[in-house]
Amino acid sequence: FLKAKSGSDVVAYYISTRTEGKGPEAERRTTIEYFDEKGFKEFLYQRTKVNNGILQKFIEPKGVHNSMTRVIWSPKVCLLER
């Protein structure tokens, strides 16, 4: 994550979901946390974690904007959307 840094201070981000409330009124909240190098190391080595998230390396977009590709796959179908 830290070997080839991007142009910004962001090196990684963590996407997690937690449940707030109880019973039928409970809501699931998704949070995205962005880490600089110091925050990333604190997250890895010092913070208590619940295994319910995705940690990804941040990669600078090649152009002015980000882009996303959505893929739906099954054994009989592969659908790509841009």
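Provided above is the structure to which this section pertains.
The shown structure was predicted, so the numbers you read here are calculated from the model rather than taken from an experiment.

**Q** Explain the overall build of the protein chain here, please?
**A** Across its full length, the protein chain carries one helix and five strands. When the helices and strands of the protein chain are read in sequence order from the N terminus, they spell out β-β-α-β-β-β. For the protein chain, the C-alpha radius of gyration of 17 Å lies well beyond 12 Å, the compact-globule estimate for 82 residues. By residue count, 11% of the 82 residues in the protein chain fall in the buried class. Restricting to contacts in the protein chain with at least 6 residues of sequence separation, those with at least 24 account for 49%.

**Q** Explain the nonpolar core here, please?
**A** Nonpolar side chains in soluble globular proteins generally cluster together in the buried interior. Among the nonpolar cores identified, the biggest contains six residues, and these are Val 11, Ala 12, Tyr 14, Phe 35, Phe 40 and Phe 43. Elements with a contribution of two residues or more to this core: strand 1 (12–20) and helix 1 (37–45). Residues within four places of Ala 12 in sequence aside, it is in contact with Phe 1, Glu 33, Tyr 34, Phe 35, Phe 40, Leu 55, Gln 56, Lys 57 and Phe 58.

About the cut-offs
- Residues numbered from 1 in each chain as written.
- Predicted model: local features only at pLDDT ≥ 70, side-chain atom pairs only at ≥ 80, totals over all residues.
- Heavy atoms only, no water.
- Helix = DSSP H or I, 4+ residues; strand = E, 2+ residues; numbered from the N terminus.
- Rg over C-alpha atoms; globule rule 2.2 N^0.38 Å.
- Buried < 20%, exposed > 50% of the residue type's maximum accessible area, 1.4 Å probe, protein only.
- Contact = heavy atoms within 4.5 Å.
- Core = buried A, V, L, I, M, F, W, Y, C linked by side-chain atoms within 4.5 Å.

Note that every value here comes from positions in space, so none of it alone points to a role or purpose.
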